[in-house]
Amino acid sequence: MAERAGRLAEQLREQGVAGVTVVWADNNGIPRSRTVPVASLPQAAQTGIGVSTVFSIFDTNDGIQYGAPGRETPSGDVRLVPDLDRLTPLAGQPGLAWAPGTQVTVDGSPWPWDQRSLLASTVEALAGRGYSALVGYELEFAVSLPSEDGAVVPAYRSPAYSPHALLEIDAFVTDVLRDAEANGLRIGQLHAEYGPGQVELSLGAADPLKAADDQLLARQTVLAAAARHGVRVSFAPLPSLNLAGNGWHAHTSLWRDGTNLLAGGEEGPGTAGSGYIAGLLRDLPALAAITAPSIGSMARLRPGFFAGAFGFWGIENREAPVRYVAGSPLLGLDHANVELKVSDASANPYLALSAILTAGVAGVEENLVPPAPIDSDPGTWKKKERAAAGLEMLPTTQADQEAALLACPRLTDLLGPERLGAFLAVRRSDAAFAADRETEDVLAAWRWRY
């Protein structure tokens, strides 16, 4: 390991790289990091970089929430080990390279609070049962001009989805595309979104661990380009009540023996694919507590905003939180996937994908059958119509999200007592912060955090 890291360090030096930033995501979806000089990369690869245990209980405001099981004091140390396979010289920050990190104990064994290793073990366990998965993220974000009060001042106004809109941020968009390619990110498309100043880019599908890493690398890539062009970027689920929400939609497909189990047509998936959808629906309130866990996440869940406020699925229905994306003769049947709309930047991507895959595969293995798909917006229905269809809104308070999560043994067992305890501690802290504040003030406080 040290020998390989030494060769890589020498290559980085030749490229003018001075340091390596090793990144992980906390329980609020916020990237945290350590940067080491290139000369220290071999040592870091072999013995890791010292990191405090308290990062597992940081809330969104950087408050430390002691009291979670095993996290009662500031004592202890963990080691952050860079993944050399993902070492990436940053095109937008030519003096630095980037790598995701895994946290281990001081003896090198798995650390029970680490999220990246949970996804790795989840994928490994699924492989042992014959499954693999592909994941692609769609990232929405607001591009803002600088402002003295920290408000979002849209860098373009309109028309939505028009090339005219992007003319105002043309140089920024160009650098995002160039830097992403240089950083090894495969972008499917980029466009001006519906909201003022809003942009969406989609990342190519990859194995789950790479997809989660790519999500963090994409943030770094976009932020570096923004800094060079004098604009700010908000990845927050809802930067303001007056702006469009930012979903980070997770597209997943489940495979077995080289076959996409979601492959079907306009009528929907087959038996196994239907089970996957049913598994997601069964656990959706608990799942959303992990994939869209912040106060901003829940404020974003507004009917009529393509956010997925009610618990249902649909075929190509963009109001559905679980949207089946069908294959076709043009795209190929293997293009089929499921889009989870209740997913955003405040979710730890490693926890989120672990939970999505666990819930979906359970539905396959239990031969669950989903209800009939819905092709309209239940938000436009009368309450008695939704009641007759058995439709309920997803939780919109932290307490209701927590109750849903604690009532789901599949996901609590997946997280384990350590990860679950730390996760709930920071969720409760965020809720306490928001309790005596107006929603707009909370959104403003977290607008630039992610």
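Residues numbered from 1 in each chain as written. Predicted model: local features only at pLDDT ≥ 70, side-chain atom pairs only at ≥ 80, totals over all residues. Heavy atoms only, no water.

Caption draft 1: Highlighting the overall build of the protein chain. Counting its secondary structure elements, the protein chain contains 14 helices and 18 strands. Principal-axis analysis of the C-alpha atoms places the extent of the protein chain at approximately 65 × 55 × 50 Å. Looking at the protein chain alone, contacts between residues at least 24 apart form 72% of all its contacts between residues at least 6 apart. With the model as given, the accessible surface of the protein chain reaches about 17,700 Å², and the carbon-plus-sulfur share is 54%. Once the 35 positive and 51 negative side-chain charges of the protein chain are each reduced to a mean point, those two points are 1 Å apart. (Helix = DSSP H or I, 4+ residues; strand = E, 2+ residues; numbered from the N terminus. Contact = heavy atoms within 4.5 Å. Areas by Shrake-Rupley, 256 points an atom, 1.4 Å probe, with all protein chains shown as cover. Lys, Arg positive; Asp, Glu negative; His and termini not counted. Charge placed at Lys NZ, Arg CZ, Asp CG, Glu CD.)

Caption draft 2: Region of interest: unusual backbone geometry. Here Ser158 and Pro159 are connected by a cis peptide whose omega angle stands at 0°. You can see Pro159 is positioned in the loop between β8 (153-154) and α4 (163-166). Residue Asp62 is not a glycine yet carries a positive backbone phi of 70°. Summarising the element assignment, Asp62 is placed in the loop between β3 (49-52) and β4 (77-82).

Caption draft 3: Quick look at the side chain of Arg302. Within the secondary structure layout, Arg302 lies in the loop between α9 (295-300) and β16 (313-315). Buried Arg302, no salt bridge; nearest opposite-charge side chain is Glu440, N-O distance 8.1 Å. Within the structure, the side chain of Arg302 is placed 3.4 Å from the backbone oxygen of Leu243, a separation counted as a polar contact. (Buried < 20%, exposed > 50% of the residue type's maximum accessible area, 1.4 Å probe, protein only. Salt bridge = Lys/Arg side-chain N within 4 Å of Asp/Glu carboxyl O. Polar contact = N/O pair within 3.5 Å; in protein donor to acceptor, adjacent residues only side chain to side chain.)

Caption draft 4: Focus on the pattern of salt bridges. Within this structure, the stated rule accounts for 25 salt bridges. One salt bridge connects Glu366 with Arg282, and the closest N-O pair in it is separated by 2.8 Å. In this pair, Glu366 sits in the loop between α10 (349-365) and α11 (383-388) while Arg282 sits in helix α7 (residues 271-282), placing the two residues 84 residues apart along the sequence. Here Glu366 falls in the partly exposed class, since its relative accessible area comes to 42%.

Caption draft 5: Quick peek at the layout of surface pockets. Taken as a whole, the largest pocket spans an internal volume of roughly 870 Å³. Glu138, Glu200, His251, Arg323 and Glu339 are the residues nearest the centre of the largest pocket, which is lined by 42 residues in total. Of all the secondary structure elements, the ones that give two or more residues to the lining of the largest pocket are β7 (131-145), β9 (187-192), β10 (198-203), β12 (248-256), β17 (322-325) and β18 (337-340). A per-element tally of the lining of the largest pocket places β7 first, with six residues. Estimated volume of the second largest pocket: approximately 330 Å³. Around the second largest pocket sit 19 residues that line it, and Leu281, Gly311, Phe312, Gly390 and Leu391 are the ones nearest its centre. The set of elements that each furnish at least two residues to the lining of the second largest pocket consists of α7 and α8 (284-291). Per element, the largest residue contribution to the lining of the second largest pocket is three residues, and it comes from α7. Looking at the lining of the second largest pocket, its residues break down into 15 nonpolar, two polar and two charged. (1 Å grid on protein atoms, 1.4 Å probe; cavity = no way out; pocket = protein on both sides within 12 Å on 5 of 7 lines; lining within 4 Å. Points joined across faces, edges and corners; volume = space filled by probe spheres on them. Nonpolar A, V, L, I, M, F, W, Y, C, P; charged D, E, K, R; others polar.)

Caption draft 6: Structural context of the pairing of β4. Side chains Val78, Leu80 and Pro82 of β4 all project onto a buried face; the interleaved residues Asp77, Arg79 and Val81 project onto a face where none is buried. Bridge count for β3 against β4 is four bridges, and the pairing is antiparallel. Residue pairing for β4: Val51 is matched across the bridge by Val78. In this sheet, strand β6 (residues 96-104) lies alongside β4 in antiparallel orientation, the contact comprising four bridges. Residue Arg79 lies in a different strand from β6, and its bridge partner there is Val104. (Pairing = 2+ DSSP bridges.)

Caption draft 7: Examining the pairing of strand β2 (residues 31-37) more closely. Relative to β2, strand β1 (residues 19-25) runs antiparallel, the two being bridged by seven bridges. If you follow Ala25 over to β2, its bridge partner there is Pro31. Between the antiparallel neighbours β1 and β2 lie five residues, among them Gly29 with a positive phi of about 80°.

Caption draft 8: Representation of the packing of aromatic side chains in the model. If you walk through the whole model with that rule in mind, you get seven aromatic pairs. Measuring from ring centre to ring centre gives 5.7 Å for Phe433 and Trp446, while their planes differ by 25°; the resulting arrangement is stacked. Of this pair, Phe433 sits in helix α13 (residues 409-435) while Trp446 is found in the segment after α14 (439-445), placing the two residues 13 residues apart along the sequence. The class for Trp446 is buried, based on a relative accessible area of 2%. Ring pairing ties together the aromatic residues Trp24, Phe55 and Phe58, which thus form one cluster. When the ring centre of Trp113 is taken as reference, the NZ or CZ atom of Arg71 above it lies at 4.2 Å. Between Arg427 and the ring centre of Phe423, over which it is positioned, the NZ or CZ distance is 5.1 Å. (Phe/Tyr/Trp six-rings, centres within 6.5 Å; stacked < 30°, edge-to-face > 60°. Lys NZ or Arg CZ within 6 Å of the ring centre and 35° of its normal.)

Caption draft 9: Inspection of the packing of helix α3 (residues 116-128) against α10 at higher detail. Running from N to C, α3 and α10 point in directions that differ by 25°, and their axes come no closer than 8 Å. Taken as axis vectors, α3 and α10 run roughly parallel relative to one another. When the axes of α3 and α10 are compared, the crossing they make is left-handed. For the pair α3 and α10, contact is made by Arg116, Leu118, Leu119, Thr122 and Leu126 and by Tyr350, Leu351, Leu353, Ser354, Leu357, Thr358 and Val361, respectively. For the contact of α3 with α10, the class distribution of residues is eight nonpolar, three polar and one charged. (Axes fitted to C-alpha atoms, helices over the stretch in contact; angles between N-to-C directions. Parallel < 35°, antiparallel > 145°, perpendicular 65-115°, else oblique. Left-handed = near helix turned anticlockwise from the far one by under 90°.)

Take it as geometry only, folks, not as evidence of what the structure does.
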